[in-house]
Amino acid sequence: MEALFIYIIKSSGLMLLFYCAYFFLLRKETFFNSNRWFLLSGLIVSAILPLLTYTKVIWINAAPQFNTDFQNFVSNASQDESSEFNWNYVILGLYAAGLLIFLIKLAIDFYSLNSIIKGKKIKQQADFKFIDINENIAPFSYFEYIVYNSSLYTASELENIIEHEKVHSDQNHTLDVLVSRIFSIIFWFNPIVWLYKKAIMQNLEFIADSEAAKKIQDKKAYQYTLLKITTHENCVAITNHFYQSLIKKRIVMLNKNQSKRRNYWKYYAVIPALVAFVLLFQIEVVAKERQPNAKVVSTEIESVDVYKILKNSTDAELKEIKEKLKKLHNINFEVSQIKRNSENELTSIKVDIINGSDKSQSIQTGGDKTIKDFGIIVITDKNGKKKAGIQTSDEKITVSKKVSMDGKTNKNSERKTITTNTESNVNTNSITSTKTNSDANTNISTTVIINKDNNTKVITTGTSTAVAVSNGTKTNIKISSPLVIVDGEEMPAGFDYNSIKPTDIESVNVLTGVNATGQYGNKASNGVIEIETKK
């Protein structure tokens, strides 16, 4: 419905443009035929141009993902607003009522015209059909029909009238009348359309007067005929009738000198305005998000193998881990800088993982203190691609995947929420994730390596499995909440916008990217939610 209102406004604006150009620039010129086509073109352009749009695509960075609560919050607000009284239906109802009234009036006019012509004797001459009637009605033409009452005029007057109506019939002026009538019905609420219709009708009379005067010897007698016809006020609608108001203007234009050809430039005066209309209103800007260039991690995980390294792991156990990683996954595992205390517990260890071009490293040195338990994790996707990493992170993650301990698959894995404590690490281009065996009580945090990744991303690689991609350094990934502005006032961190009743909201505006930071600074890097309440 909104699209219909916008179309009507645009079409009315274009109609106003052409009417003003005619009224101020062309009305007094004697280019009557050119004026006819100019006015008709104005109606056609005002009907078609608002329907033509040019789509311009601009690419923007991906918008931050706000939480589901806010999306539901906005959705509820929209639903509440929609439940309010809709004035659009009232306006549409009034428009439809007016449209129906004018359509009924048009049907009555056609019926009246048919009643006058039907059953009358027709005299055919060339392409014209003459009908002599008895009713006291002003002479008129309708397509090839020319209707008059010969008893009301002298022979010379009737000749002048017939020459005038022949011009209307020969040039199909009835089409102009019908087109202008249809537009006045569709845009009945717009006063400009009635002025436009009047201008078209008047210009048609100028054309007929000008052409008829060329074929009549006594030009003054023709003008007297115009004055005589003014006494006839009974006219048939949707026709070209000889009687028209503003007879004085017709006589003035009939005696006016021909306009100079250099004045034709006035017809082109509307072109800049039409170009401006297209640029301002007919270009639709569509924003599309750029696809991220980050490498896609497969969401189909086949298995996750975890190899635990505890503070009391022996050299034999470390050697066994090395052999299994090489044999089962073709991953090189090297340990060095091993130190133990008197109880043969590890106090220092350096671990290097090499998986093709991917490398990861973890170093723990605690002096006399034992190392923190950690592990080596290998993630295999459905395509057989493997990612390997080392325990380093400290995060809570919920996972639900097949997990194996030391290469043995556990088929009874369950979803668990686990927390891990970590030491410092050295890595390059890492993916941080956390996995556990359903039978294990040890919390394991793992770094998985992906080379040639330039940006930090959060990627999901399976059901509830979060993967963070960083560039060369350990990164704690946290999706922050957007900045909330209510009635121009910045809300504190953690503000619950659900506390605002949806019925109290006037509008909600979401800013992202440079639009947000440009207006609110770096604090708006996660986006801005602007809420205006009904004060």
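Our subject is the structure listed above.
Keep in mind that what you see is a predicted model, and the values were worked out from it rather than measured.

Caption draft 1: Examining the environment of Tyr-497 more closely. Tracing the backbone through its elements, the reader meets Tyr-497 in the loop between strand 24 (489–490) and strand 25 (505–511). For Tyr-497, a relative accessible area of 6% corresponds to the buried category. Spatially, the C-alpha atoms of Tyr-497 and Ile-485 are 9.7 Å apart, while their sequence positions differ by twelve residues.

Caption draft 2: Seen up close, the environment of Lys-387. Mapped onto the elements of the fold, Lys-387 is located in strand 13 (residues 386–390). The spacing of Lys-387 and Asp-358 is 29 residues in sequence and 8.6 Å in space, taken between C-alpha atoms.

Caption draft 3: Main features of helix 6 (residues 173–186). Helix length check: helix 6, at 14 residues, gives a terminal C-alpha distance of 20 Å against a target of 20 Å (1.5 Å per residue), a fit within 8%. Burial within helix 6 is extensive, with ten of its 14 residues counted as buried. Here helix 6 has its buried residues at His-173, Thr-174, Asp-176, Val-177, Leu-178, Ser-180, Arg-181, Phe-183, Ser-184 and Ile-185.

Caption draft 4: Spotlight on the nonpolar core. Ranked by size, the top nonpolar core spans 34 residues in total, and within it Met-15, Phe-38, Phe-183 and Tyr-196 carry the most contacts. Listing elements by their share of this core, those giving two or more residues are helix 1 (2–26), helix 2 (32–48), helix 6, helix 7 (191–215) and helix 10 (270–281). Excluding residues that lie within four positions of it along the chain, Phe-38 makes contacts with Phe-18, Ala-21, Tyr-22, Leu-26, Tyr-196, Tyr-267 and Val-270. In terms of nonpolar packing, the next biggest core, distinct from the first, is built from 17 residues, Leu-318, Phe-333, Ile-353 and Ile-390 among them.

Caption draft 5: Highlighting the environment of Asn-332. Among the secondary structure elements, Asn-332 is positioned in strand 9 (residues 332–340). Taking relative accessible area as the criterion, Asn-332 reaches 31% and is therefore assigned partly exposed. Remark: the alpha-carbon pair of Asn-332 and Asp-352, spanning 20 residues in sequence, is separated by 8.0 Å. Filtering out sequence-adjacent residues up to four positions away, Asn-332 remains in contact with Lys-326, Asp-352, Ile-353 and Ile-354. At 3.0 Å, the side chain of Asn-332 forms a polar contact with the side chain of Lys-326.

Caption draft 6: Broad picture of a nonpolar patch on the surface. On the surface, a cluster of nonpolar side chains totalling about 560 Å² of accessible area is made up of Trp-265, Tyr-268, Ile-271, Val-275 and Leu-279. Following the sequence through the fold, Val-275 ends up in helix 10. Look at Val-275 and you get partly exposed, because its relative accessible area is 45%.

Caption draft 7: Spatial organisation of the packing of helix 7 against helix 9 (residues 247–254). Remark: helix 7 packs on helix 9, axes separated minimally by 10 Å, with the N-to-C direction vectors making an angle of 45°. Classified by the angle between their axes, helix 7 and helix 9 sit oblique to one another. The way helix 7 lies across helix 9 gives a crossing that is right-handed. Contact residues: helix 7 offers Gln-202, Glu-205, Phe-206, Asp-209, Ser-210 and Ala-213, while helix 9 offers Lys-249, Arg-250, Met-253 and Leu-254. Of the residues that constitute the contact of helix 7 with helix 9, the class distribution is four nonpolar, two polar and four charged.

Caption draft 8: View of the packing of aromatic side chains. For the structure on display, the rule yields 20 aromatic pairs. On the numbers, 5.8 Å between centres and 70° between planes, the contact of Tyr-95 with Phe-189 is edge-to-face. Remark: Phe-189 occurs in the loop between helix 6 and helix 7 and Tyr-95 occurs in helix 4 (residues 87–117); sequence separation between them is 94 residues. Judged by relative accessible area, Tyr-95 falls into the buried class, the value being 17%. Judged by its relative accessible area of 36%, Phe-189 falls in the partly exposed class. Feature note: the residues Tyr-95, Phe-102, Phe-183, Phe-187, Trp-188, Phe-189 and Trp-194 constitute an aromatic cluster, connected by ring pairs. Arg-36 extends its terminal NZ or CZ atom over the ring of Trp-37, reaching a point 4.6 Å from the ring centre.

Calculation notes
- Residues numbered from 1 in each chain as written.
- Predicted model: local features only at pLDDT ≥ 70, side-chain atom pairs only at ≥ 80, totals over all residues.
- Heavy atoms only, no water.
- Helix = DSSP H or I, 4+ residues; strand = E, 2+ residues; numbered from the N terminus.
- Buried < 20%, exposed > 50% of the residue type's maximum accessible area, 1.4 Å probe, protein only.
- Expected span 1.5 Å × (residues − 1).
- Core = buried A, V, L, I, M, F, W, Y, C linked by side-chain atoms within 4.5 Å.
- Contact = heavy atoms within 4.5 Å.
- Polar contact = N/O pair within 3.5 Å; in protein donor to acceptor, adjacent residues only side chain to side chain.
- Patch = residues over 30% accessible without salt bridge, like charges linked within 9 Å, V, L, I, M, F, W, Y side chains within 5 Å.
- Areas by Shrake-Rupley, 256 points an atom, 1.4 Å probe, with all protein chains shown as cover.
- Salt bridge = Lys/Arg side-chain N within 4 Å of Asp/Glu carboxyl O.
- Axes fitted to C-alpha atoms, helices over the stretch in contact; angles between N-to-C directions.
- Parallel < 35°, antiparallel > 145°, perpendicular 65-115°, else oblique.
- Left-handed = near helix turned anticlockwise from the far one by under 90°.
- Nonpolar A, V, L, I, M, F, W, Y, C, P; charged D, E, K, R; others polar.
- Phe/Tyr/Trp six-rings, centres within 6.5 Å; stacked < 30°, edge-to-face > 60°.
- Lys NZ or Arg CZ within 6 Å of the ring centre and 35° of its normal.

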